[in-house]
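# Chains, contacts and geometry: an overview
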Amino acid sequence: TTDAVDGDTPACRATSEMVARRVLMSARSYRRSGRVSNRFDRSRITRYADSVDKTLTRSQLVGWRTAIFTIFFVTGLGFASWASRLPAVKAGLGINDFEVGVLLFISGAAAIVGLSLANVIVVRWGARRGMFATIIVFSVGIVIVGIGVQFAESYVITAVGLALMGIGMSAT
């Protein structure tokens with residue numbers, strides 16, 4: 001069951017080798033057909049085949065696990081701190097229940113956009129820089145929400161902040 005996909009098992013190694021060989025064989029047969037495509041670029045295939053055999057050490061796994069727990073804790077704490085102030089936000093902006101619902105919808109819709117962008121961010125910048133960038137977006141969103149509610153008392157600024165918060169939180 002899970003032994004076939006977890007860790008460094010014979011089944012996992014065999015599956016990884018099979019995938020790498022299929023990619024390499026597909027590239028060879030595609031090139032023989034005379035069609036040229038970036039999809040089967042040799043450098044990409046070699047990079048993929050090399051990354052298949054890469055395994056992480058125990059300390060690297062613990063480091064990544066700790067980083068992921070920390071990021072989930074920070075984003076959850078940030079969102080919880082905003083959600084707990086929702087009655088004060090409603091009073092401070094002078095809005096009704098419908099407008100609070102719209103703010104919540106904006107945050108949720110932005111989170112869906114962030115989920116769609118997450119894989120693009122990881123592929124383009126890598127996991128470490130991607131997480132750092134999305135945490136920065138989330139933090140900027142929290143600051144903008146605070147400015148929009150406390151100082152500017154602006155519904156639009158608060159909505160923009162919540163959109164950034166949603167994108168940053170879900171893309172992490």
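Quantities reported herein were computed from a predicted structural model and do not represent experimental measurements. (Residues numbered from 1 in each chain as written. Predicted model: local features only at pLDDT ≥ 70, side-chain atom pairs only at ≥ 80, totals over all residues. Heavy atoms only, no water.)

Attention now goes to the overall build of the protein chain. Within the protein chain, the secondary structure is distributed over seven helices and zero strands. For the protein chain, the succession of helices and strands along the chain, N to C, is α-α-α-α-α-α-α. Per-residue burial for the protein chain yields a buried fraction of 24% across its 172 residues. At a minimum sequence separation of 6, the contacts of the protein chain that also span at least 24 residues come to 62%. Accessible surface computed for the protein chain: about 11600 Å², of which carbon and sulfur atoms make up 65%. (Helix = DSSP H or I, 4+ residues; strand = E, 2+ residues; numbered from the N terminus. Buried < 20%, exposed > 50% of the residue type's maximum accessible area, 1.4 Å probe, protein only. Contact = heavy atoms within 4.5 Å. Areas by Shrake-Rupley, 256 points an atom, 1.4 Å probe, with all protein chains shown as cover.)

When you line up the elements, Phe105 lands in helix 5 (residues 97-125). Between the alpha carbons of Phe105 and Ala159 there is a distance of 9.7 Å; along the sequence they are 54 residues apart.

This part takes up the packing of aromatic side chains. Taken as a whole and judged by the stated rule, the model has one aromatic pair. Between Phe79 and Trp82 the ring centres are 5.8 Å apart and the planes differ by 45°, which places this aromatic pair in the tilted class. Of this pair, Phe79 and Trp82 both sit in helix 3 (residues 58-84), three residues apart, roughly one helical turn. The exposure class of Phe79 is partly exposed, given its relative accessible area of 27%. (Phe/Tyr/Trp six-rings, centres within 6.5 Å; stacked < 30°, edge-to-face > 60°.)

Below, the discussion takes up helix 7 (residues 155-171). One full turn of an α-helix is made of 3.6 residues, so residues set three or four places apart face in the same direction. For helix 7, spanning 17 residues, the distance from its first C-alpha to its last is 24 Å, which sits close to the expected 24 Å at 1.5 Å a residue. For helix 7, the set of buried residues is Thr158, Ala159, Gly161, Leu162, Met165, Gly166, Gly168, Ser170 and Ala171. Looking at the buried side of helix 7, the elements it contacts are helix 3, helix 4 (86-93), helix 5 and helix 6 (127-151). Capping the start of helix 7, Ser154 holds a side-chain oxygen 3.4 Å from the backbone nitrogen of Val156, two or three residues further along. (Expected span 1.5 Å × (residues − 1). Polar contact = N/O pair within 3.5 Å; in protein donor to acceptor, adjacent residues only side chain to side chain.)

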